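# A look at the structure
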Amino acid sequence: MGETNTKPQKVPPFDMSEEARALLRRLVQGKQVKGSEPGRAELAALGLAVHNPHYDLWGLSDLSHAEQTALDEEHAGIALHLHRMRQLSELHSELRRELRNARLSSGDGIEFLDRLDIVTSTISQAVDSARSCIRTAHPQDRKAETLRKAAESDVKVLRRGVAYQTLYPDTARTRPGEQEWAAMVSEHGAEVRTLAMAFERMILVDDKLAVVADHRGKPNRDIAFKVTHPGMVALFHHIYEQQWERAEPWVGGRFLRKAETVTTGRSRRILNKLREGRTLKQIAGELGVSLRTVNSDLNKLYEVVGVDTQFALGVWWSSEAAADERKLG
């Protein structure tokens, strides 16, 4: 491949013909000439010769005015070129976006959904066609009106026997909209969990489709990607399962805790890791939660079990008294 020539091009020196220079010298001396003189048209084009219609002769123009006029024309030309350069840059940026979007929707299993109504329609169609399971993750607040409409649709899906799992942030437990939605869908078999840490927004339908957030640039809830590539859909299910395992049951499904249960899913994982010899800092990292959260869970266990040291808590966890709790996993 040959090297690209990056040397700056030389600008040709500004010059005029010998006839024009000779005529200019005559004009500088105060003479006036006829329009037929050689070089006259060249001087007029440069603004150096001005026509006197009374005598039909040409004389020297006002040099300050001629200079300013010539410079203004050059500046205007430069501005025009800069404007065209910006237009060319914008054109090529637009072409690159079009090309990228065309590639994303060219049958490779990824389609860019660039408007909210398209995202909503895609999700609605996918949910209506679900056969085995729907998994959703909503890290942001949802409007109460949106939740009421969603609940009606979700209940219809659940009545068809489709399994339904939903992840919310822990703050959802205090919001009336999510409380109402969770209570309604859980009555029909949906499972709802909440997660204290950040998680990814996505909707998974069977093993056929995923709608995931667009992570390019600034976050935008109105655009997304529709993914149908089997390998990518499987990857999103794997990510979802990791998030689900870290979450705490809220309402619905077989994971609803009984009143007599002492431990939670996360506290059981903490106890098992303590038994394996992990430090609290290591446990926090492995579970993807803060050290403060781990200590908070342990303090709740100390109070419920009636002990005040990790050693005593470990003895209880290994005892027959905690056998039923250990069976919960």
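## Thoughts on the overall build of the protein
- From N to C terminus, the protein includes 12 helices and 10 strands.
- Going through the 329 residues of the protein one by one, you find that 34% of them count as buried.
- Within the protein, residue pairs in contact and separated by at least 24 positions form 64% of the contacts whose partners lie at least 6 positions apart.
- Carbon and sulfur atoms form 54% of the exposed surface of the protein, whose accessible area is close to 21300 Å².

## Some thoughts on helix H8 (residues 265-275)
- Of all the residues in H8, the buried ones are Gly265, Arg266, Ser267, Arg268, Ile270, Leu271 and Lys273.
- Where H8 is buried, its residues touch strand E10 (248-251), helix H9 (280-287), helix H10 (291-305), helix H11 (310-318) and helix H12 (323-327).
- Two residues or fewer past H8, Gly277 is found with a positive phi of approximately 95°.

## A word on the pattern of salt bridges
- Summed over the entire model, instances satisfying the criterion amount to 11 salt bridges.
- As a salt-bridge pair, Asp214 and Arg216 come within 3.0 Å of each other at their nearest N and O atoms.
- Members of the salt-bridge network, linked through shared partners, are Lys273, Glu276, Arg278 and Glu286.

## A short note on the nonpolar core
- Core analysis: the biggest nonpolar cluster contains 26 residues, and Ile134, Tyr168, Trp181 and Val192 have the highest contact counts within it.
- Counting residues per element, the ones that place at least two in this core are helix H4 (116-128), helix H5 (144-159), strand E5 (163-169), helix H6 (176-186), strand E7 (202-205) and strand E8 (209-213).
- The leading source of residues in this core is H5, at 5 residues.
- What Val192 contacts, discounting residues up to four positions off in sequence, is Thr166, Tyr168, Trp181, Ala182, Val185, Trp244, Pro249, Trp250 and Val251.

## Quick notes on the packing of H5 against H6
- In contact at an axis separation of 10 Å, H5 and H6 are set at 15° when each is read in the N-to-C sense. In terms of orientation, H5 and H6 fall into the roughly parallel class. The two elements H5 and H6 meet at a crossing, and its hand is right-handed. Counted together, Leu147, Arg148, Ala150, Ala151, Asp154, Val155 and Leu158 of H5 and Gly177, Glu178, Glu180, Trp181, Met184 and Val185 of H6 form the full contact between these two elements.
- Counted by class, the contact of H5 with H6 contains 8 nonpolar, 1 polar and 4 charged residues.

## Description of the pairing of strand E9 (residues 224-227)
- Across 4 bridges, strand E3 (residues 110-113) lies against E9 in antiparallel orientation. The residue of E9 that forms the bridge with Ile110 is Val227.
- Pairing of E8 with E9 involves 4 bridges; the strand directions are antiparallel. Bridge pairing in E9 places Ala210 opposite Val227.

## Topic: the confidence of the model for the protein
- Confidence in the prediction of the protein, expressed as mean pLDDT, is 84, and 90% of residues score 70 or more.
- The low-confidence segment residues 253-259, where pLDDT is below 50, has 13 contacts with residues more than four positions distant or belonging to other chains.

## Concerning the packing of aromatic side chains
- Under the criterion given, the structure shown has 5 aromatic pairs.
- Each ring, one from Tyr164 and one from Trp181, has its centre 6.5 Å from the other, and the planes form 65°; the classification is edge-to-face. Here Trp181 lies in helix H6 and Tyr164 lies in strand E5, a separation of 17 residues in the sequence.
- Judged by centre distance (5.9 Å) and plane angle (40°), the rings of Trp316 and Trp317 are tilted.
- Trp317 gets classed as buried once you look at its relative accessible area, which sits at 1%.
- Taken together, the ring pairs in this structure connect Tyr164, Tyr168 and Trp181 into an aromatic cluster.
- Over the face of the ring belonging to Trp58 we find Arg40, whose NZ or CZ atom lies 4.4 Å from the ring centre.
- The ring of Phe112 carries the charged tip of Arg216 above its face, separated from the ring centre by 4.9 Å.

## Focus on a nonpolar patch on the surface
- Together, Ile78, Leu82 and Met85 make up a nonpolar patch on the protein surface, roughly 300 Å² of accessible area in all.
- Looking at the secondary structure, you find Leu82 in helix H3 (residues 63-104).

## Thoughts on the packing of H8 against H9
- With their axes 10 Å apart at the nearest point, H8 and H9 run at an angle of 135° to one another. With respect to H9, the axis of H8 lies oblique. Crossing hand, H8 versus H9: right-handed. The residues of H9 that touch H8, namely those facing Arg266, Arg269, Ile270, Lys273 and Leu274, are Leu280, Ile283, Glu286 and Leu287.

Reading guide: rules and limits
- Residues numbered from 1 in each chain as written.
- Predicted model: local features only at pLDDT ≥ 70, side-chain atom pairs only at ≥ 80, totals over all residues.
- Heavy atoms only, no water.
- Helix = DSSP H or I, 4+ residues; strand = E, 2+ residues; numbered from the N terminus.
- Buried < 20%, exposed > 50% of the residue type's maximum accessible area, 1.4 Å probe, protein only.
- Contact = heavy atoms within 4.5 Å.
- Areas by Shrake-Rupley, 256 points an atom, 1.4 Å probe, with all protein chains shown as cover.
- Salt bridge = Lys/Arg side-chain N within 4 Å of Asp/Glu carboxyl O.
- Core = buried A, V, L, I, M, F, W, Y, C linked by side-chain atoms within 4.5 Å.
- Axes fitted to C-alpha atoms, helices over the stretch in contact; angles between N-to-C directions.
- Parallel < 35°, antiparallel > 145°, perpendicular 65-115°, else oblique.
- Left-handed = near helix turned anticlockwise from the far one by under 90°.
- Nonpolar A, V, L, I, M, F, W, Y, C, P; charged D, E, K, R; others polar.
- Pairing = 2+ DSSP bridges.
- pLDDT = per-residue confidence, 0-100.
- Phe/Tyr/Trp six-rings, centres within 6.5 Å; stacked < 30°, edge-to-face > 60°.
- Lys NZ or Arg CZ within 6 Å of the ring centre and 35° of its normal.
- Patch = residues over 30% accessible without salt bridge, like charges linked within 9 Å, V, L, I, M, F, W, Y side chains within 5 Å.

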